[in-house]
Structure formats: C-alpha cells, structure tokens
Amino acid sequence: MFTKIDNEDPRSIREVVLDELRNAIFENRLKEGDRLVENIIASSMGVSRTPVREALRQLEIEGLATSIPRKGTIVIGISIEDALEIYDLREVLEGLAARLACLNISRLDIRRLRDIIEEMEESIEDAQRVEDLHVKFNTILLHSSKNKRLINQIEHMFEYLKSLRKISLSTVETRRIAFEEHKKIMSAIENGNESLAEEEARNHISKAKERFMARYKNQLSEVF
C-alpha cells in the first residue's frame, strides 16, 4: 500500500512517513475504521517502527486517527464538519494573506503569479495540472504576505486541502469558475488594492466551499 522511502529525500524519515500516511487518508486509500499497524507500515515503507510510531501520534494530534485500547490506532479521516471548519478558517486567513501580499509582493512574484494564471487557462481540461497550479499560486501569494505566523497556520492546512480541492475542482466548469476568481485576486494585487484583494480572496474561498458542498451532496445522492 505504501511506497518505499526514497533515500534521496531531504526530509526526515518521520516527516516522510507522516506525509505518506496523511496522503493515504486524504486520498481515501486509508478509510475510516482502517487499522494503522506499526510493523506493517514500517515493513512496507522500509523503515524502523520508531518514525512510524511518531507519525501515528501526530495523526492523533491532528484528529485524523485515534488510539483505541486492544485495537490500536484507527483512521478517523476528515468529516464534513472538519471540511467546513477548514473552509471557514481559510476564508479569514487567506483573505488576510492576500491583503498583506498587496503590501509586500515583489515584481518578480507578480510576474510569476501572472504566468500561473495564464497556464491555468491553458490547462483547464487537466484537473491535476490545475490543482498543482492552485498550489503554486497559493504558495507564492502566502509567502508574499511576509507574515511567518500566518504562513505557518495556512501551510498546516495545505495537506487537508488536497482532498477538498479534488472535490471542489472536479469538473471543467468549476475549474473555469475558480480560474476567473483567481484572475480577480490577481488584478487586485497588481493594482495594489489590498481591501479588494482580501475581498476577492475571501469570496473565492466562500465560493469554493459552496462548490465543495454541492459536489459532496451530489456524491451522497449517487450513493443513496
């Protein structure tokens, strides 16, 4: 189920194991109720049990897993309530990041954001490419805020966003809408209008939340 650790990876083994387990949960390869067995994970990834044990503890802290007596560590996953809370936090924090970016962004990063916007439009049929470009856009914008605590808070949520984004950007139509929202954020930043940049960023997250909920409800109706 898990890939072997790449010895060329500069990250610590614990960090690599944690990312692999997180991704497996977010991508639904590990489902709610699945057991996370230390020795099986360690053997599969070619590592000792110590970094696996540390990663499992971190998953518990993040609320993605829980330890149950005589059963071990069990996957909890992300609930719909978790997703909505994340969107609410994003709206506030990413709005602030856009406002601060207006004040601190370099000309080079403005050019990089513009290039990303152009590539988004060209790649609109390619869901994975658009998701990757969203990550690049958000990362540049976030780091342009120059606020270390804000950066840490939002980056902590980035892993959670992978699975949510796959749902909210699952169709060409929703990707086109999101692209237009990014263009508005980009325009406000280029013009140095921090109030409008914050407003457009918050609007984008609010609309992404609506798209997520609409798709989530459709998936439920398909099942039931």
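Structure first, text after, so check above.
## Quick notes on the overall build of the protein
Summing up its helical and strand segments, the protein has 9 helices and 3 strands in all. Oriented by its inertia axes, the alpha-carbon framework of the protein measures out at about 60 × 45 × 30 Å. Out of the 224 residues in the protein, the part that is buried amounts to 45%. Partitioning the intrachain contacts of the protein with sequence separation of at least 6 by distance along the chain shows that 69% fall at a separation of at least 24. Positive and negative side-chain charges of the protein, numbering 36 and 41 respectively, have mean locations separated by a distance of 3 Å.

## Some remarks on the environment of Arg-215
Assignment of secondary structure puts Arg-215 in helix 9 (residues 194-223). Residues Arg-215 and Asn-193, spaced 22 residues apart in sequence, show a C-alpha to C-alpha distance of 33 Å.

## Here's the deal with the pairing of strand 3 (residues 72-75)
For strand 1 (residues 35-36) and strand 3, the ladder comprises 2 bridges, and the chain directions are antiparallel. Along strand 3, the bridge assignment pairs Leu-36 with Thr-73. As defined by bridge partners, strand 2 (residues 65-68) adjoins strand 3 across 4 bridges and the pair is classed as antiparallel. Residue pairing for strand 3: Thr-66 is matched across the bridge by Ile-74.

## Notes on helix 4 (residues 80-104)
The end-to-end C-alpha separation of helix 4 is 35 Å, in line with the 36 Å expected for 25 residues at 1.5 Å each. At Arg-90, helix 4 shows its largest bend, some 25°.

## Description of the packing of aromatic side chains
Enumeration according to the criterion identifies 1 aromatic pair in this entry. An angle of 50° between the planes, with centres 5.6 Å apart, marks the rings of Tyr-87 and Phe-212 as tilted. With Tyr-87 in helix 4 and Phe-212 in helix 9, the pair connects residues that are 125 residues apart, well separated along the chain. Taking relative accessible area as the criterion, Tyr-87 reaches 1% and is therefore assigned buried. On the basis of relative accessibility, which here comes to 3%, the residue Phe-212 falls in the buried class.

Rules used in this analysis
Residues numbered from 1 in each chain as written. Predicted model: local features only at pLDDT ≥ 70, side-chain atom pairs only at ≥ 80, totals over all residues. Heavy atoms only, no water. Helix = DSSP H or I, 4+ residues; strand = E, 2+ residues; numbered from the N terminus. Buried < 20%, exposed > 50% of the residue type's maximum accessible area, 1.4 Å probe, protein only. Contact = heavy atoms within 4.5 Å. Lys, Arg positive; Asp, Glu negative; His and termini not counted. Charge placed at Lys NZ, Arg CZ, Asp CG, Glu CD. Pairing = 2+ DSSP bridges. Expected span 1.5 Å × (residues − 1). Bend = angle between axes of the 7 residues up to and from the residue. Phe/Tyr/Trp six-rings, centres within 6.5 Å; stacked < 30°, edge-to-face > 60°.

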